[in-house]
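Examination of the molecular architecture
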Amino acid sequence: MTRLLAPSILSADFSNLSQQIRYVEMGGADVIHCDVMDGKFVPNITFGPIVVKAIRQVTKLPIDVHLMIKEPEKYIADFVEAGANFVSVHVEEVVHLDRVINTIKDLGCKAGAALNPATPLVLLENILPSLNFVLLMSVNPGFGGQRFITGSLNKIRKLNEMRKISNLEFLIEVDGGIGAKNIKNLINAGCDIFVAGSSIFGQDNVTAACAELKNFLRD
Ligand code: DX5
Ligand code: ZN
């Protein structure tokens, strides 16, 4: 199984984003993770499709758009047009999840459902066969640099079991508090896509920090 490292630009130096992206490309990043926040679904505001479009112009890596916003269905087409390749929406927010997941896929993207730490996996039971990936939050969404919630490991293991039992192929993405100290535990629990913000962009040598994490993911 391929494991993917997805640096989150939330902790990057936005005054020189193209340089920051070059740094993680040199460090072996597989995906660029973009955290979109609206100050309503989460208590913080970040950026919208304009920034995703700018990133698209400076990298060929897949762009993973994590929508932490109210009514994400209204903005999906804009993010796809801007260059998104993966789009995830939060199950806590979307009433007609099946419809929204199909919309994302019809627009040519990988579709994911995101879960907050307190949201149970059982909510995914009937939608799992339609998903390309599940994003498990391992911190409460809204900010970078928070501590990994250790209970998330059990949740990853449980989702991995559900995947095996149902013979499904969706990827498991884990987001929040990931670094060199816990990445091995996440690999063992069944994670496929590792989002890391502050442990990469918060470090003095961004390329080296990225390469260090990437090394854990090689077979
Ligand atoms: C939090 C975001 C994460 C965040 C991760 O709401 O979804 O992607 O950037 O940052 P770290 O790795 O610093 O926890
Ligand atoms: Zn995220």
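Everything that follows concerns the structure shown earlier in this document.
The structure contained in this document is the topic of the report that follows. (Residues numbered from 1 in each chain as written. Chains lettered and ligands numbered in written order. Predicted model: local features only at pLDDT ≥ 70, side-chain atom pairs only at ≥ 80, totals over all residues. Heavy atoms only, no water.)

**Focus: the sheet that holds strand β7 (residues 171-175)**
Taken in spatial order, the eight strands of this open sheet run β1-β8-β7-β6-β5-β4-β3-β2, and their pairing is parallel. Of all strands in the sheet, those with a lone pairing partner are β1 (4-7) and β2 (32-37), marking the two edges. Pairwise comparison of adjacent strand axes, ignoring direction, gives a mean angle of 20 degrees for this sheet. Where helix α5 (residues 152-165) meets the sheet, its contacts fall on β5 (110-115), β6 (133-137) and β7, and the angle it forms with β7 comes to roughly 170 degrees. (Pairing = 2+ DSSP bridges. Helix = DSSP H or I, 4+ residues; strand = E, 2+ residues; numbered from the N terminus. Axes fitted to C-alpha atoms, helices over the stretch in contact; angles between N-to-C directions. Contact = heavy atoms within 4.5 Å.)

**Remarks on the packing of aromatic side chains**
This structure, assessed with the given rule, holds two aromatic pairs. Here Phe-86 and Phe-133 contribute two aromatic rings whose centre-to-centre distance is 5.6 Å and whose plane-to-plane angle is 65 degrees, an arrangement assigned as edge-to-face. With Phe-86 in strand β4 (residues 86-90) and Phe-133 in strand β6, this residue pair connects regions lying 47 residues apart in the sequence. Relative accessible area serves as the criterion here: at 0%, Phe-133 is assigned to the buried category. Directly above the aromatic system of Phe-170 lies the positively charged group of Arg-163, at a separation of 5.6 Å from the ring centroid. (Phe/Tyr/Trp six-rings, centres within 6.5 Å; stacked < 30°, edge-to-face > 60°. Buried < 20%, exposed > 50% of the residue type's maximum accessible area, 1.4 Å probe, protein only. Lys NZ or Arg CZ within 6 Å of the ring centre and 35° of its normal.)

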